[in-house]
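# Structural overview
Listed below, chain by chain, are the residues.
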Amino acid sequence: MKEDSADAIDLPAFHPCIVESDELGMAKNKLRLKAAQVHTFMRISEELISPLLGDHVDDPVWQAWLKHVELVNLMMAPNFTLSSVNHLDKMIHEHQALYADLHMAHFLPKHHFMRHVPKDILRCGPPRYYWCFPFEAYNRRVKHWAEHSNRKAELLHVAMMLSLQTALELMEMREAADDE
């Protein structure tokens, strides 16, 4: 939606911990969410945002977003048939056509990589079995440990925290096994 539009919608203010701001504290229209939070937001966004749009539900930006949501939900399926892979390929092209028509469209490498998903599904199976969510969660833990180190021996601190975490998990597993 164009910002200079007389029909612009005033959305409610978001909590500062999830909205990126510039040096003056002004929102930059970007939400800071973790991957799992983005996935959850995406899945509920139609029900959450549609009532706020009123007469603007036909807005091209919103339509491109809805196509993206439909496309990602289809990619998260636990199994695929050849016809569902062909349907996914068609939806990717439809989404990219909608996105290309937007005034602020800027194609990134991820838009190109999306075109490879149908072939990847045929080669490797459903993306949910090789996606990066577990690795991202692990990287978040390592980043937290690095940020809370003394910076003199950052790698040593991260290695010690990993060792302690692993030892704690092993002890909890042993206690659970002993309780059975």
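All values derive from a computational prediction rather than experimental measurement. (Residues numbered from 1 in each chain as written. Predicted model: local features only at pLDDT ≥ 70, side-chain atom pairs only at ≥ 80, totals over all residues. Heavy atoms only, no water.)

In this model, the protein carries an average pLDDT of 81, and 83% of its residues clear a pLDDT of 70 or more. At the low end of the mean pLDDT range in the protein sits strand S1 (residues 19-21), at 54; at the high end sits helix H5 (residues 117-124), at 94. Here residues 1-9 is modelled with pLDDT under 50, and outside its nearest four sequence neighbours on either side it reaches 13 contacts, counting other chains as well. (pLDDT = per-residue confidence, 0-100. Helix = DSSP H or I, 4+ residues; strand = E, 2+ residues; numbered from the N terminus. Contact = heavy atoms within 4.5 Å.)

Across all of its chains, the model carries five salt bridges by this definition. Salt-bridge contacts for Lys90 lead to Glu94; the nearest nitrogen and oxygen are separated by 3.8 Å. Of this pair, Lys90 and Glu94 both sit in helix H3 (residues 82-100), separated by four residues, roughly a single helical turn. One salt bridge in this structure joins Arg141 and Glu169, with 3.6 Å as the shortest N-O distance. Here the residue Arg141 occupies a position in helix H6 (residues 133-147), and Glu169 occupies one in helix H7 (residues 154-179), the gap between them amounting to 28 residues. In this structure Glu169 comes out as partly exposed when scored by relative accessible area, which is 33%. (Salt bridge = Lys/Arg side-chain N within 4 Å of Asp/Glu carboxyl O. Buried < 20%, exposed > 50% of the residue type's maximum accessible area, 1.4 Å probe, protein only.)

With respect to the helices, strands and loops of the structure, Thr81 is situated in the loop between helix H2 (60-75) and H3. On the basis of relative accessibility, which here comes to 48%, the residue Thr81 falls in the partly exposed class. Through-space distance from the C-alpha of Thr81 to that of Ile121 is 9.8 Å; in sequence the pair is 40 residues apart. A polar side-chain atom of Thr81 sits 3.1 Å from a polar atom in the side chain of Ser83. (Polar contact = N/O pair within 3.5 Å; in protein donor to acceptor, adjacent residues only side chain to side chain.)

The next subject is the packing of H3 against H5. H5 packs onto H3 with a crossing angle of 160° between their chain directions and a minimal axis gap of 9 Å. In terms of orientation, H3 lies roughly antiparallel with respect to H5. Both H3 and H5 take part in a crossing whose hand is right-handed. Seen from H3, the contacting residues are Leu82, Val85, Leu88, Asp89 and Ile92; seen from H5, they are Val117, Pro118, Ile121 and Leu122. (Axes fitted to C-alpha atoms, helices over the stretch in contact; angles between N-to-C directions. Parallel < 35°, antiparallel > 145°, perpendicular 65-115°, else oblique. Left-handed = near helix turned anticlockwise from the far one by under 90°.)

Moving on, we get to the nonpolar core. Ranked by internal contacts, the top residues of the largest apolar core, which has 15 residues, are Leu71, Met75, Phe80, Leu88, Ile92, Val117 and Ile121. For this core, the elements supplying multiple residues, two or more each, are H2, H3 and H5. (Core = buried A, V, L, I, M, F, W, Y, C linked by side-chain atoms within 4.5 Å.)

Moving on, we get to the packing of aromatic side chains. Considering all chains together, one arrives at one aromatic pair under this definition. For the ring pair Tyr99 and Phe107, a centre distance of 5.3 Å and an interplane angle of 85° mean the geometry is edge-to-face. (Phe/Tyr/Trp six-rings, centres within 6.5 Å; stacked < 30°, edge-to-face > 60°.)

Position of Trp62 relative to the elements: it lies in helix H2. Given a relative accessible area of 8%, Trp62 falls into the buried group. For the pair formed by Trp62 and Ser50, sequence separation is twelve residues and the distance between their alpha carbons is 8.9 Å. With sequence-adjacent residues up to four places away left out, Trp62 is seen in contact with Ser45, Glu46, Ile49, Ser50, Leu53 and Val57.

Mapped onto the elements of the fold, Gln96 is located in helix H3. The class of Gln96 is buried, set by a relative accessible area of 4%. One polar contact links Gln96 to Arg115, side chain to side chain, over a distance of 2.4 Å. Look past the residues within four positions of Gln96 in its chain and what remains in contact with it is Phe107, His111, His112, Met114 and Arg115.

Moving on: a negative patch on the surface. Where like charges cluster on the molecular surface, the negative patch consists of Glu172, Glu175, Asp178, Asp179 and Glu180. Relative to the elements of secondary structure, Glu172 occurs in helix H7. (Patch = residues over 30% accessible without salt bridge, like charges linked within 9 Å, V, L, I, M, F, W, Y side chains within 5 Å. Areas by Shrake-Rupley, 256 points an atom, 1.4 Å probe, with all protein chains shown as cover. Lys, Arg positive; Asp, Glu negative; His and termini not counted. Charge placed at Lys NZ, Arg CZ, Asp CG, Glu CD.)

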